[in-house]
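What follows is the residue order along each chain.
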Amino acid sequence: MSNKSGLIIGLVAIALIGFWAMNFYNGSIGLNEDVTKQWSNVENAYQLRADKTKNLVEIVKGAADFEKETLTEVIEARAKATSVNINANDLTPEKIQQFQAAQDQFSGALSRLMVTVERYPELKAVKGFQDFQVQYEGMENRIGVERKKYNDVARDFNTRVKRFPGNLIAGMFGFTEKGYFEAQEGTENAPDISFK
């Protein structure tokens with residue numbers, strides 16, 4: 001084999017690797033944008049719930065003898081949940097867990113508030129509260145749907161940057177694994193139901 005043939009083969013190999021790297025990069029950029037867009041949808045769903053809850057808190061405050069401790073829990077959990085902000089370019093598993101923990105705490109406090117309200121028929125009769133009750137289930141469902149969609153696009157992205165040979169150059173381009181939303185701890189266990 002002559003030097004000229006070896007040079008041509010070498011240049012072809014370099015060109016093929018270059019085209020592959022360019023294709024990997026461009027495809028990864030597209031998937032990363034999908035993750036960023038879906039993260040925005042997740043944040044919007046949570047923000048809607050936080051905004052609506054702010055109105056609910058004002059309605060509940062009007063009930064003079066309402067349990068202040070429960071209301072305080074909701075107010076504090078809402079403040080914490082809305083203060084946890086994650087940059088869409090830094091959706092690491094640890095950051096997603098931090099965000100999810102704050103949101104789960106808010107969900108728990110809000111659920112306790114909804115259960116506590118059952119003991120206050122005068123509050124349940126308030127139109128603003130009735131509207132919130134109707135919207136609450138829809139908001140929680142939307143959050144679940146948006147989280148699932150986020151996990152789907154994050155899985156597609158993670159698969160791309162972890163699969164060989166892309167994993168060899170993903171880090172060079174700044175592509176790192178995205179975190180997932182996970183089920184709340186204990187949701188894998190069926191609740192005990194007793195009719196005594």
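For the structure, check the block above.
Treat the numbers as computed from the prediction; the structure is a model and nothing was measured. (Residues numbered from 1 in each chain as written. Predicted model: local features only at pLDDT ≥ 70, side-chain atom pairs only at ≥ 80, totals over all residues. Heavy atoms only, no water.)

**Focus: the overall build of the protein**
At step 1: A tally of helices and strands in the protein yields six helices and zero strands.
At step 2: N-terminal to C-terminal, the α/β element order of the protein is α-α-α-α-α-α.
At step 3: Taking 2.2 N^0.38 as the reference for a compact globule, 196 residues should give roughly 16 Å; the C-alpha atoms of the protein span a radius of gyration of 25 Å, well beyond that estimate.
At step 4: Summarising its shape, the C-alpha atoms of the protein cover approximately 95 × 35 × 25 Å along the three principal directions.
At step 5: Pairs at least 24 apart in sequence give 79% of the contacts found in the protein among residues at least 6 apart. (Helix = DSSP H or I, 4+ residues; strand = E, 2+ residues; numbered from the N terminus. Rg over C-alpha atoms; globule rule 2.2 N^0.38 Å. Contact = heavy atoms within 4.5 Å.)

**A word on unusual backbone geometry**
At step 1: Put simply, Phe-164 and Pro-165 share a cis peptide bond, and its omega is 5°.
At step 2: Take Pro-165: it is sitting in the loop between helix H5 (127–162) and helix H6 (167–170).

**Examining helix H2 (residues 68–83)**
At step 1: Relative to the 22 Å expected for 16 residues at 1.5 Å per residue, H2 spans 22 Å between its end C-alpha atoms, a close match to the ideal helical length.
At step 2: What H2 keeps buried is the set Thr-70, Leu-71, Val-74, Ala-77, Arg-78 and Ala-81. The buried residues of H2 all sit within an arc of 130° when viewed along its axis, so they share a single face. Among the exposed residues of H2, those oriented more than 90 degrees off its buried face are Glu-69 and Glu-76.
At step 3: In this structure, the buried side of H2 is in contact with helix H1 (3–61) and helix H3 (93–117). (Expected span 1.5 Å × (residues − 1). Buried < 20%, exposed > 50% of the residue type's maximum accessible area, 1.4 Å probe, protein only. Arc of directions from axis to C-beta.)

**Side note on the environment of Ala-109**
At step 1: Topologically, Ala-109 is positioned in helix H3.
At step 2: For Ala-109, a relative accessible area of 2% gives the class buried.
At step 3: Distance from Ala-109 to Arg-160, taken between C-alpha atoms, is 38 Å for residues 51 residues apart in sequence.
At step 4: If near-sequence neighbours (up to four positions away) are discounted, Ala-109 is found in contact with Glu-73, Val-74 and Ala-77.

**Some remarks on the side chain of Gln-103**
At step 1: With respect to the secondary-structure elements, Gln-103 resides in helix H3.
At step 2: We classify Gln-103 as buried; its relative accessible area is 3%.
At step 3: Reaching out from Gln-103, the side chain makes a polar contact with the side chain of Arg-49 at a distance of 3.0 Å.
At step 4: Setting aside chain neighbours within four positions, we find Gln-103 in contact with Tyr-46, Arg-49 and Ala-81. (Polar contact = N/O pair within 3.5 Å; in protein donor to acceptor, adjacent residues only side chain to side chain.)

Just geometry here; none of it tells us what the structure is for.
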